[in-house]
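# Structural overview
So the chains spell out like this:
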Amino acid sequence: TDERGVSQEAGSLGYGFLVEQTPEGPVAVWSSSQVKTGAQSLYYRLRLERRLLTSSSVIPARGVIPVPVPLALPGSEEEAAQALVEEARRKSADARTLFQHLMAGLAADEPTQELTLLRRYFRDEERASDDELTLIIGRQLLARAGIPSRRAFGLKLDPEMGPQPPIFLIEYSDGVNW
């Protein structure tokens, strides 16, 4: 356990593990000198002293949380965006559940008319792929709901596929935590 009350353990056969200190905080890095075949498992455990835990076990944001500023949309697209946010608000209790409802709506098999309109608008305006459209629209809806968000990156760890490009994600803030 370090001076912050955090201990980290990793034990993944065939992989190196280190923690890089970056300006944003520590980053866990697994590495391998060879391409592995078959299923691989990466094990990591983070232990926090009980005094560090909150009711939701989140890590407080550092620095100033930005104020979200949505893009100005033309009339019917703005109405569509507002309708999607209001629908999610009716089902939500807080920023976390609002985020979940908005993302579930974006991932639905049968998109609503409002979402179809926004997809068409942003596809033409941003020349974006379907995956990028989900991120763009998701962040715009969060901004309209007053929830700060930022683009983050993730990485699928699949040794059979070798090196892979990062996956874009949305990280949001409830006003205190990211």
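Cut-offs used in this document
- Residues numbered from 1 in each chain as written.
- Predicted model: local features only at pLDDT ≥ 70, side-chain atom pairs only at ≥ 80, totals over all residues.
- Heavy atoms only, no water.
- Helix = DSSP H or I, 4+ residues; strand = E, 2+ residues; numbered from the N terminus.
- Areas by Shrake-Rupley, 256 points an atom, 1.4 Å probe, with all protein chains shown as cover.
- Buried < 20%, exposed > 50% of the residue type's maximum accessible area, 1.4 Å probe, protein only.
- Pairing = 2+ DSSP bridges.
- Phe/Tyr/Trp six-rings, centres within 6.5 Å; stacked < 30°, edge-to-face > 60°.
- Lys NZ or Arg CZ within 6 Å of the ring centre and 35° of its normal.

Our next topic: the overall build of the chain. For the chain, the helix and strand inventory stands at 4 helices and 6 strands. Going from the N terminus to the C terminus, the chain shows its helices and strands as β-β-β-β-α-α-α-α-β-β. Total accessible area on the chain stands at roughly 12100 Å², and carbon and sulfur atoms take up 53% of it.

Glancing now at the environment of Thr37. As for its position among the elements, Thr37 is in the loop between β3 (25–31) and β4 (44–48). Its relative accessible area of 70% is what places Thr37 among the exposed residues.

On to the side chain of Ser149, then. Tracing the sequence through the fold places Ser149 in strand β5 (residues 149–154). Here Ser149 falls in the buried class, since its relative accessible area comes to 11%.

All right, on to the environment of Asn177 then. Note on placement: Asn177 falls in the segment after β6 (167–172). With relative accessibility at 13%, the residue Asn177 sits in the buried group. Sequence separation of Asn177 and Ile65 is 112 residues, and the distance between their C-alpha atoms is 8.9 Å.

Right, let's get into the pairing of strand β2 (residues 16–22). Relative to β3, β2 runs antiparallel, the two being bridged by 7 bridges. By the bridge assignment, Thr22 is partnered in β3 with Gly25. Joining the antiparallel neighbours β2 and β3 is a turn of 2 residues.

Tallied over the entire structure, the rule returns 2 aromatic pairs. Plain terms: the ring middles of Tyr121 and Phe122 are 5.1 Å apart, the flat faces sit at 80° to each other, and that makes the pair edge-to-face. The exposure class assigned to Phe122 is buried, which follows from its relative accessible area of 1%. For the cation-ring pair, Arg151 lies above Phe168, with the distance from its terminal atom to the ring centre recorded as 4.0 Å.

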